[in-house]
Amino acid sequence: MIRRILPVSIVVSCAALAMGYILGELWAWIPAIVAVGVVWLFGQWRAWGWTASMGLICGAGLAAAGVMLDLALGWMLVGLVATLTAWDLAYLALRLRGVERAEESRLVERRHLQRLLMVSGAGLVLPVVALEIEFGFSLGVALLLGLLVFVGLSQAVLFLRRETG
Amino acid sequence: MRRFSLLASLIYLLLLVGLATLSGRLLLLAIPLTIYLGAALLSGPRELRLSASRNVSADRVSAGAPVVIKLSVRNEGSLLEEVLVEDLLPPRLRPMEGESRMLATLPAGETLELEYTVPGRRGCFDFGDVRVSAADQHGLFEREVLLSAPARLVVLPETLRLRRVSIRPLRTRGYAGPVPARQGGSGIDFFGVREYRLGDPRRWINWRLSARHPRSLFTNEFEQERIADVGLILDARQRSEVRLAGESLFEYSVQATASLAETFLGDGNRVGLLVYGRFLDWTFPGYGKVQRERILQALARAETGDSLVFDKLDYLPTGFFPAQSQLVLISPLWRADLPMLVSLRARGYQVLVIRPDPVAFESNRLPPDQAVALAARVLRVERRLVRYKLQQAGIRVVDWQVHEPLDQAVHASLGRVPTWFRAVGVEW
């Protein structure tokens, strides 16, 4: 099942991002988006592990650039979530390579897809909800928040590194 | 961990850039990634408490027989959402049915069973660790552990049935057997005539000779047949190996050695084995089924390899073999090996060389080409020259085209023993 969903996710992510750029009439970006999609698809076909990470970095970068260029947020969000889904599925496909296709493995695959669907759904819905809540803050507050994010994330990363050995 | 770092870095960047540019829309983009990270964090494995056990359908099989391996991994800790069990197989061993990897969910207290079949390819295989990696549902937090589940599988070489191989060492052992002992006594083949002694059976009296000497009687003597010491030497130097189209010439050599060992032991002889390659693997001479097993096990672990010391046959440890015994060398043989074989003959050993033909083996598997044909012709001439020199030194040679049965090659070369070969005192 993953073999069919994974290429679809890659195509959807590229199509959503491309659509956002087309609507913003930024045609020059389209070849780059298409190139990322093609390389990623080709990499999956040839079982290159690095193409999935490259796809996620490019997908997130293109979505962030699109947002900064004031393109339609919806398309960027869909593009990013589809990229994330494809990245996740690429990892699962890698783990399933050379694995006995027994009932156990199929069950894991199905359960993984169900959870991924939930996470992706939440990833789409929550930003839309958050979009409705608006509040402003000054530069000082922004700097303070930035510092908090920096310290908090660093601590979280260190903690998780220790936890996972 | 790399996946986690990548995702964390992206979230980090989006948040920082969003805050730096005061762009709420950029912060929004970090939400799906953060939800994904949070979901992974919630379902991540805490601690791995696992044990593994392995069951091999047979620890000793003949080549070609499939072996079923069952691996059980028991979870003695908490639920593991996605656990990948991978049996680290010895090199040269690949499953022919089933897989040695499995992805599953492993609840607490439950056991995961993995079953696969491996082909019985000659060798001695040590199964060791099982790699188990448990991850969260998104593979961000992965824990890996190596579990020990040792087992050993010995795949013995195939043995072919041979008719009796005629050997004639200078010295035999005390027990009755099939090898002519160069001594008069009770036997089948005529050996000589001597004066009648009291107690000689009347039917052994040579009446024709006795008639010519009216005052004395003469008795026929027959050649005693006894068992002998046989030393098998398998050439495992790298140069003896030709590997082409998935086939190996060395495998044929091993098969021939196993067949000869079986035949000689079946005749009651005392047989020893020396595998001469990267190192010396010596199986002390012995009799019977136990010795057969020892030799087959030694052949199962035989591998080709290079050694500076054992590059030539010059360091063949003759002290391993009883004096004046029969040596059988299984080797494609090179010109540089000739002096040692001649020296063995000079020391009183009877030497028989079984030569699997590497030229025919290789040229039959190469596309027909004029250059290949010419090269094969040159090499055949060289092999014929080596054979001629060996025969001049009194060494018997069996040239074996490996696509033909060994029995056919042995009996074509050794089947008819010339009368002069059997004559007393002639060392051939």
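See the structure above.
The present account deals with the structure reproduced in this document. (Residues numbered from 1 in each chain as written. Chains lettered and ligands numbered in written order. Predicted model: local features only at pLDDT ≥ 70, side-chain atom pairs only at ≥ 80, totals over all residues. Heavy atoms only, no water.)

**Here we look at the overall build of chain B**
Part 1 of the argument: Looking only at helices and strands, chain B has 10 helices and 17 strands in total.
Part 2 of the argument: Over its C-alpha atoms chain B spans a radius of gyration of 33 Å, topping by over 25% the 22 Å that the globule rule assigns to 428 residues.
Part 3 of the argument: Taking the principal axes of the C-alpha coordinates as reference, chain B spans close to 135 × 55 × 35 Å.
Part 4 of the argument: Here chain B, with 428 residues, has 52% of them falling under the buried criterion.
Part 5 of the argument: Long-range contacts, defined here as pairs at least 24 residues apart, represent 71% of the contacts in chain B between residues at least 6 apart. (Helix = DSSP H or I, 4+ residues; strand = E, 2+ residues; numbered from the N terminus. Rg over C-alpha atoms; globule rule 2.2 N^0.38 Å. Buried < 20%, exposed > 50% of the residue type's maximum accessible area, 1.4 Å probe, protein only. Contact = heavy atoms within 4.5 Å.)

**Focus: the pairing of strand S8 (residues 142–156) of chain B**
Residues and elements named next belong to chain B.
Part 1 of the argument: Two elements, strand S2 (residues 60–62) and S8, share three bridges in a ladder whose sense is parallel. What sits directly across from Ser 62, in S8, is Leu 156.
Part 2 of the argument: One ladder, built from 12 bridges, connects strand S7 (residues 123–135) with S8; its direction is antiparallel. Counted as the bridge partner of Asp 129 is Ser 148 from S8.
Part 3 of the argument: Hairpin connection from S7 to S8: six residues lie between these consecutive antiparallel strands, with Gly 139 at a positive phi of about 70°. (Pairing = 2+ DSSP bridges.)

**Describing the nonpolar core**
Part 1 of the argument: If you look at the biggest cluster of nonpolar residues, it comprises 61 residues, and the most contacted ones within it are Trp87(A), Leu7(B), Leu29(B) and Leu140(B).
Part 2 of the argument: Contributions of two or more residues to this core are made by helix H1 (2–23), helix H2 (30–45), helix H3 (50–68), helix H4 (73–96), helix H5 (103–132) and helix H6 (139–163) of chain A together with helix H1 (2–20) and helix H2 (24–43) of chain B.
Part 3 of the argument: No other element matches the 11 residues that H4(A) contributes to this core.
Part 4 of the argument: Filtering out sequence-adjacent residues up to four positions away, Leu7(B) remains in contact with Leu56(A), Leu84(A), Trp87(A), Leu33(B), Tyr36(B), Leu37(B) and Leu140(B).
Part 5 of the argument: In this structure, Val154(B), Val179(B), Leu249(B) and Leu265(B) belong to the second largest nonpolar core, which totals 43 residues. (Core = buried A, V, L, I, M, F, W, Y, C linked by side-chain atoms within 4.5 Å.)

**Quick look at the environment of Ala63(A)**
Part 1 of the argument: Examined against the element boundaries, Ala63(A) turns out to sit in helix H3.
Part 2 of the argument: When sequence neighbours within four positions are dropped, the list of residues in contact with Ala63(A) reads Leu17(A), Met76(A), Leu80(A) and Leu29(B).

**Describing the packing of helix H4 (residues 249–266) of chain B against helix H5 (residues 288–300) of chain B**
All names here are of chain B.
Part 1 of the argument: Between H4 and H5, the least distance of the axes is 10 Å, while the angle of their chain directions is 170°. As far as their axial angle goes, H5 and H4 are roughly antiparallel. The residues of H5 that touch H4, namely those facing Val 254, Thr 257, Ala 258, Ala 261, Glu 262 and Leu 265, are Gly 288, Gln 291, Arg 292, Ile 295, Leu 296 and Leu 299.
Part 2 of the argument: When the residues that make up the contact of H4 with H5 are grouped by side-chain class, the tally is seven nonpolar, three polar and two charged. (Axes fitted to C-alpha atoms, helices over the stretch in contact; angles between N-to-C directions. Parallel < 35°, antiparallel > 145°, perpendicular 65-115°, else oblique. Nonpolar A, V, L, I, M, F, W, Y, C, P; charged D, E, K, R; others polar.)

**A word on the environment of Ala409(B)**
Residue and element names in this part refer to chain B.
Part 1 of the argument: In this structure, Ala 409 sits in helix H9 (residues 406–414).
Part 2 of the argument: A relative accessible area of 5% means that Ala 409 is categorised as buried.
Part 3 of the argument: On a C-alpha basis, the gap between Ala 409 and Phe 141 in space is 63 Å, while along the polypeptide they are 268 residues apart.
Part 4 of the argument: Ignoring anything within four residues of it in the chain, the contact list for Ala 409 reads Val 398, Asp 399 and Trp 400.

**Topic: the state of the cysteines**
Residues and elements named next belong to chain A.
Part 1 of the argument: Here the structure, examined in full by the defined rule, presents zero disulfides over all chains.
Part 2 of the argument: A disulfide-free cysteine, Cys 58 has its sulfur positioned 9.5 Å from the sulfur of Cys 14, the nearest such atom.
Part 3 of the argument: Judged by relative accessible area, Cys 58 falls into the partly exposed class, the value being 25%. (Disulfide = S-S within 2.5 Å.)

**Some remarks on the sheet that holds S2(B)**
Part 1 of the argument: Pairing within the open sheet is mixed, and its five strands lie in the order S2-S8-S7-S4-S5 (chain B). Of all strands in the sheet, those bounded by a partner on one side alone are S2 and strand S5 (101–106) of chain B. Ignoring strand direction, the axes of neighbouring strands in this sheet form an average angle of 30°.
Part 2 of the argument: H4(A) rests against strand S4 (80–87), S5, S7 and S8 of chain B of the sheet, and its axis sits at about 120° to S5(B).
Part 3 of the argument: Against the sheet, H5(A) engages S4 and S5 of chain B, with an angle of about 60° to S5(B).

**Looking at the layout of surface pockets**
Part 1 of the argument: Estimates place the volume of the largest pocket at around 790 Å³.
Part 2 of the argument: Mapped by element, the contributors of at least two residues to the lining of the largest pocket are H1, H2, H3 and H4 of chain A together with H1 of chain B.
Part 3 of the argument: For the lining of the largest pocket, the per-class residue count stands at 19 nonpolar, five polar and eight charged. (1 Å grid on protein atoms, 1.4 Å probe; cavity = no way out; pocket = protein on both sides within 12 Å on 5 of 7 lines; lining within 4 Å. Points joined across faces, edges and corners; volume = space filled by probe spheres on them.)

**Considering the interface of chain B and chain A**
Part 1 of the argument: With 51 residues of chain B at the contact, the number on the chain A side is 55 residues.
Part 2 of the argument: Our count for the contact surface shared by chain B and chain A stands at three salt bridges.
Part 3 of the argument: Its salt-bridge partner being Arg115(A), residue Glu81(B) comes within 2.6 Å of it at the nearest N-O pair.
Part 4 of the argument: At the junction of chain B and chain A, the tally comes to 10 residue pairs in polar contact (both at pLDDT 80 or more). (Salt bridge = Lys/Arg side-chain N within 4 Å of Asp/Glu carboxyl O. Polar contact = N/O pair within 3.5 Å; in protein donor to acceptor, adjacent residues only side chain to side chain.)

**Things to note about the pattern of salt bridges**
Residues and elements named next belong to chain B.
Part 1 of the argument: Summed over the entire model, instances satisfying the criterion amount to 26 salt bridges over all chains.
Part 2 of the argument: The salt bridge partner of Arg 164 is Asp 267, with a shortest N-O separation of 3.7 Å. Here Asp 267 lies in the loop between H4 and strand S13 (270–276) and Arg 164 lies in the loop between S8 and strand S9 (172–195), a separation of 103 residues in the sequence.
Part 3 of the argument: Classification of Arg 164 by relative accessible area gives exposed; the value is 52%.
Part 4 of the argument: For Asp 200, the salt bridge identified is with Arg 194, shortest N-O distance 2.8 Å.
Part 5 of the argument: Accessibility expressed as a relative area gives 12% for Asp 200, which makes it buried.
Part 6 of the argument: Look at the salt bridges and you will find they share partners, linking Arg 355, Asp 357, Arg 383, Arg 387 and Asp 399 into a network.

**Let's talk about the packing of aromatic side chains**
Part 1 of the argument: This structure, assessed with the given rule, holds 13 aromatic pairs over all chains.
Part 2 of the argument: Centre to centre, the rings of Phe42(A) and Trp48(A) are 5.3 Å apart; their planes meet at 75°, and the pair counts as edge-to-face.
Part 3 of the argument: Residue classification places Phe42(A) among the partly exposed positions, given a relative accessible area of 36%.
Part 4 of the argument: Trp48(A) gets classed as partly exposed once you look at its relative accessible area, which sits at 33%.
Part 5 of the argument: An angle of 65° between the planes, with centres 5.3 Å apart, marks the rings of Tyr276(B) and Phe310(B) as edge-to-face. (Phe/Tyr/Trp six-rings, centres within 6.5 Å; stacked < 30°, edge-to-face > 60°.)

**Remarks on the pairing of S5(B)**
Residue and element names in this part refer to chain B.
Part 1 of the argument: For S5, a buried count of six out of six residues is recorded, marking the element as mostly surrounded by other parts of the structure.
Part 2 of the argument: Residues Arg 101, Leu 103 and Thr 105 of S5 are buried on one face, and the alternating residues Met 102, Ala 104 and Leu 106, pointing to the opposite face, are buried as well.
Part 3 of the argument: Examined bridge by bridge, S4 and S5 share five bridges and lie antiparallel to one another. Bridging across to S5, Leu 80 finds its partner in Leu 106.

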